[in-house]
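Close look at the chain arrangement
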Amino acid sequence: EAAVTQSPRSKVAVTGGKVTLSCHQTNNHDYMYWYRQDTGHGLRLIHYSYVADSTEKGDIPDGYKASRPSQENFSLILELASLSQTAVYFCASSEWGGEETLYFGSGTRLTVL
Amino acid sequence: GDSVTQKQGQVTLSEDDFLFINCTYSTTTYPTLLWYVQYPGQGPQLLLKVTTANNKGISRGFEATYDKGTTSFHLQKASVQESDSAVYFCALESSGSWQLIFGSGTQLTVMP
């Protein structure tokens with residue numbers, strides 16, 4: 001069974017603070033993704049990676065950085081958290097780019113105060 | 001660019017009611033049209049897909065079809081159960097791009 005685990009499950013951060021969201025997959029997949037979910041906007045791609053030590057920008061990368069230190073791990077970093085970044089964040093993996101089946105984690109609910 | 005529109009934000013039904021959710025899409029290439037389902041507290045998971053080749057997908061009692069003429073695709077189920085309560089996302093994968101484009105989601109609530 002494919003497995004993508006995210007930590008933490010929820011987090012409260014202060015405006016201007018640094019936030020790191022972590023993702024670990026045991027699927028042996030090359031591609032990993034970070035999505036943001038907001039009510040009325042569905043899922044929007046922030047960053048993705050297809051190989052360790054390399055990341056690419058998605059549709060809404062501003063205010064976010066990503067890090068892929070190994071095939072299994074992919075982090076999303078908010079250097080200066082802002083109120084507008086309050087959302088649910090999902091990590092996902094897929095065997096290759098263009099793969100229709102994304103395996104999602106359970107999400108991290110981030111609240112920035 | 002490619003786009004997908006999902007206008008039904010919320011749908012409330014009673015058990016055994018018929019479900020119909022609609023999305024429209026725009027692409028200049030041959031699309032694969034997908035439905036993902038997100039149960040409470042979980043991430044989205046692929047429910048089914050339909051391509052221009054097969055026109056229909058069926059999974060877990062759900063059926064997906066598409067209409068090339070109106071560039072729309074639909075998710076339907078003859079008789080919903082309370083356990084079907086979830087958020088349903090339509091998504092588009094075009095042959096010209098590797099990326100999935102998601103609709104805004106439909107929250108389905110099924111009352112017992």
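Everything in this summary refers to the structure shown in the same document. Throughout, a residue's number is its position along its own chain's written sequence, starting from 1. The lettering of chains begins at A and the numbering of ligands begins at 1, in the order of writing. Only residues with pLDDT of at least 70 are given local features in this predicted model, and only at 80 or more are side-chain atom pairs given and counted; all residues enter the totals for whole chains, interfaces and linings. Calculated side-chain values reflect all of the structure's heavy atoms, with hydrogen atoms and water omitted.

1. Quick notes on the state of the cysteines
A pair of cysteine sulfur atoms is labelled a disulfide when the two atoms are within 2.5 Å. Enumeration according to the criterion identifies two disulfides over all chains in this entry. At a sulfur-sulfur separation of 1.9 Å, the disulfide partner of C23 of chain A is C91 of chain A. Looking along the S-S bond of the C23 of chain A-C91 of chain A disulfide, the torsion reads about -80°, which is the left-handed sense. Taken together, the residues C23 of chain A in strand β3 (residues 19-25) and C91 of chain A in strand β9 (residues 87-94) connect sequence positions 68 residues apart. Relative accessibility thresholds used throughout: buried, under 20% of the residue-type maximum; exposed, over 50%; partly exposed, between the two (1.4 Å probe, protein chains only). Among the residues examined, C91 of chain A registers a relative accessible area of 0% and is labelled buried. Residue pairing for C23 of chain B: its cysteine sulfur links by disulfide to C90 of chain B, the two sulfurs lying 2.0 Å apart. Across the disulfide from C23 of chain B to C90 of chain B, rotation about the S-S bond amounts to roughly -90°, and the bridge is consequently left-handed. Taken as a pair, C23 of chain B in strand β3 (residues 19-26) and C90 of chain B in strand β9 (residues 86-94) lie far apart in primary sequence, 67 residues in all. Taken as a pair, C23 of chain B and C90 of chain B share a single burial class, namely buried. Only runs of H or I of at least four residues qualify as helices and only runs of E of at least two qualify as strands under DSSP, and these elements are numbered from the N terminus.

2. With respect to a negative patch on the surface
Residues and elements named next belong to chain B. For patch building, the residue pool is restricted to those with more than 30% relative accessible area and no salt bridge; the joining distance is 9 Å between like charges and 5 Å between nonpolar side chains (Val, Leu, Ile, Met, Phe, Trp, Tyr). Note that accessible areas follow from Shrake-Rupley with a 1.4 Å probe, and for residues the cover is restricted to the protein chains shown. One speaks of a salt bridge when a side-chain nitrogen belonging to Lys or Arg is within 4 Å of a carboxyl oxygen belonging to Asp or Glu. Charged-residue counts in this description rest on Lys and Arg as positive and Asp and Glu as negative, His and the chain ends being excluded. All charge positions are set by atom: Lys at NZ, Arg at CZ, Asp at CG, Glu at CD. A surface patch of negative charge is lined by E15, D16, D17 and E82. Within the element layout of this structure, D16 appears in the loop between β2 (10-14) and β3. Judged by its relative accessible area of 55%, D16 is exposed.

3. Considering the packing of aromatic side chains
The description of an aromatic ring pair uses the distance of the two centres, along with the angle that the planes make with each other. We call Phe, Tyr and Trp rings a pair once their centres come within 6.5 Å, taking the six-membered ring for Trp, and we label the pair stacked below 30 degrees between planes, edge-to-face above 60, and tilted otherwise. Per the counting criterion, the structure on display carries 15 aromatic pairs over all chains. Taking the centre distance of 6.2 Å and the plane angle of 85° together, the rings of F90 of chain A and F104 of chain A count as edge-to-face. In this pair, F90 of chain A sits in strand β9 while F104 of chain A sits in strand β10 (residues 103-104), placing the two residues 14 residues apart along the sequence. Ring centres 5.5 Å apart and planes at 55° place the aromatic pair W35 of chain B and F73 of chain B in the tilted group.

4. Describing the nonpolar core
Within the largest apolar cluster, 26 residues are counted, with the highest numbers of intra-cluster contacts made by W35, L47, F73, L75 and Y88 of chain B. Secondary-structure elements contributing two or more residues to this core are β2, β3, β4 (31-38), β5 (45-51), β7 (62-67), β8 (72-77), β9 and β11 (106-111) of chain B. If near-sequence neighbours (up to four positions away) are discounted, L75 of chain B is found in contact with L19, F20, I21, W35, L47, L48, F62, E63 and Y88 of chain B. Residues belong to one nonpolar core when they are buried, are Ala, Val, Leu, Ile, Met, Phe, Trp, Tyr or Cys, and are joined through side-chain atoms within 4.5 Å. Core analysis: the second largest hydrophobic core is formed by 19 residues, A13, V19, L21 and C91 of chain A among them. In this description, contact between two residues means that some pair of their heavy atoms is separated by no more than 4.5 Å.

5. Here we look at the layout of surface pockets
Roughly 590 Å³ of volume is contained in the largest pocket. Lining the largest pocket are 28 residues, and of these Q37 and T39 of chain A together with Q38, V87 and Q107 of chain B sit closest to its centre. Each cavity reported here is a set of points on a 1 Å grid over the protein atoms alone in which a 1.4 Å probe fits but cannot get out, each pocket an open set with protein on both sides within 12 Å along at least five of seven lines, and each lining residue one with an atom within 4 Å of a point. Grid points are joined across faces, edges and corners, and a volume is the space filled by probe spheres set on the points.

6. Focus: the interface of chain A and chain B
Counting from both sides, the interface comprises 21 residues of chain A and, opposite them, 18 residues of chain B. Here the quantity called buried area is the accessible surface, traced with a 1.4 Å probe, that two parts lose on coming together, added over both. Counting the surface lost from both chain A and chain B, the interface buries some 1500 Å², and carbon and sulfur atoms represent 55% of this. It is L43, E100 and F104 of chain A that lose the most area in chain A upon contact with chain B, and together they represent 36% of the buried surface on that side. For the purposes of these results, a polar contact is taken to be a pair of N or O atoms within 3.5 Å, where, inside protein, one atom must be able to donate a hydrogen and its partner to accept one; residues adjacent in sequence count only when each atom of the pair is a side-chain atom. For the interface between chain A and chain B, the tally reads four residue pairs in polar contact (both at pLDDT 80 or more). Mapped by element, the contributors of at least two residues to the side of chain A that touches chain B are β4 (31-38) and β5 (42-51) of chain A.

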